[in-house]
Amino acid sequence: MKALSVIIFIISLSFSSLLRAEACQLDPKDEISWTQAQMALSGDTLLINNRQVKLIGIQAPAMGNPSNRSDPPQPLSQQAQHILNHFIAVNNLNLGVVFDQQAQDGFGRLQAHVFLPNGQLLAGIMAQEGMALAIASPPNLRYQACLFNQEQQAREAQRGLWALTINAPERKFPLAESHELSDLDNGFRIIRGPVNQVSRIRRHWQINLDTTAVRIPRNAWSHFSWEDVQALNGQVI
């Protein structure tokens, strides 16, 4: 069984109290700093002042490593990069940056909410275009409700990545059935499968699908109800 230690976004239990926003617009209460970007390094990462800045709340297809056959690019990764470059270019590279509670991610990159001059959230645009998936990254949840809303719009319209689930299901991206995964299927994706068992271990809660185990680490327990997690047993998630 393939075990996954993940930032839990696949189950939306932790966001049941969040209101669905109509649009991803700058909150006037947020303190914003205006600057200029240099370029998009991928569909979710910008180069600003010679530093990588990850857009909070989304995950775009990975660009991969051209020199490593075991790390190929994910579908539509270059298209996502081009679209992000387009949106910053038509705004003369002018962007506003808002930091959330945690300014760096686990890779040491800066992470921020980045806005266009008209107040639109770049991450929201990428999610709505179907070029990125919405992913919750606690504690940086300030605009997460609207990002899930934008992703849902892309799903319903089958835009971008979501067209692949209909036209190219064999690529197993962005949605993969648990029983179809192999050790060669690396990288970020949404996994769907039936829950066979839910267990509570000292360091994590474990949700066993048919061939995959999803772990909720102790430091994420505050975002979930154990009773709700238990109730997933026998369901497809």
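Up top you'll find the structure we're talking about.
Okay, so let's go over this structure. Quantities reported herein were computed from a predicted structural model and do not represent experimental measurements.

On to helix α1 (residues 77–89). Relative to the 18 Å expected for 13 residues at 1.5 Å per residue, α1 spans 18 Å between its end C-alpha atoms, a close match to the ideal helical length. Along α1, the residues classified as buried are S77, A80, Q81, L84, F87 and I88. Within α1, the buried residues cover an arc of 130 degrees as seen down the axis, which keeps them to one side. Considering only its buried residues, α1 is in contact with β2 (33–40), β3 (45–48), β4 (51–55), β6 (94–98) and α2 (122–128).

We now examine the nonpolar core. Membership of the largest hydrophobic core comes to 35 residues, with the highest contact counts inside it found for L46, L95 and L122. Secondary structure elements with two or more residues in this core: β2, β3, β4, α1, β6, β7 (110–115), α2 and α3 (144–157). With 5 residues, the top contributor of residues to this core is α2. Ignoring anything within four residues of it in the chain, the contact list for L122 reads L46, L55, L84, F87, I88, L95, V114 and L116. The next biggest cluster of nonpolar side chains, apart from the first, holds 17 residues, and it includes L181, I191, I216 and W221.

Okay, the side chain of Q74 next. You can see Q74 is positioned in the loop between β5 (58–59) and α1. A polar atom in the side chain of Q74 sits 3.1 Å from the backbone oxygen of F188. Look past the residues within four positions of Q74 in its chain and what remains in contact with it is A60, P61, A62, F173, N186, G187, F188 and R189.

Cis rather than trans, the peptide bond between P138 and P139 has omega equal to 10 degrees. Relative to the helices and strands, P139 is located in the loop between β8 (133–134) and α3. Cis geometry marks the peptide bond from F173 to P174; its omega dihedral reads 5 degrees. One non-glycine residue, N49, lies in the positive phi region at around 55 degrees. For N49, the position within the fold is in the loop between β3 and β4.

Conventions used here
- Residues numbered from 1 in each chain as written.
- Predicted model: local features only at pLDDT ≥ 70, side-chain atom pairs only at ≥ 80, totals over all residues.
- Heavy atoms only, no water.
- Helix = DSSP H or I, 4+ residues; strand = E, 2+ residues; numbered from the N terminus.
- Expected span 1.5 Å × (residues − 1).
- Buried < 20%, exposed > 50% of the residue type's maximum accessible area, 1.4 Å probe, protein only.
- Arc of directions from axis to C-beta.
- Contact = heavy atoms within 4.5 Å.
- Core = buried A, V, L, I, M, F, W, Y, C linked by side-chain atoms within 4.5 Å.
- Polar contact = N/O pair within 3.5 Å; in protein donor to acceptor, adjacent residues only side chain to side chain.

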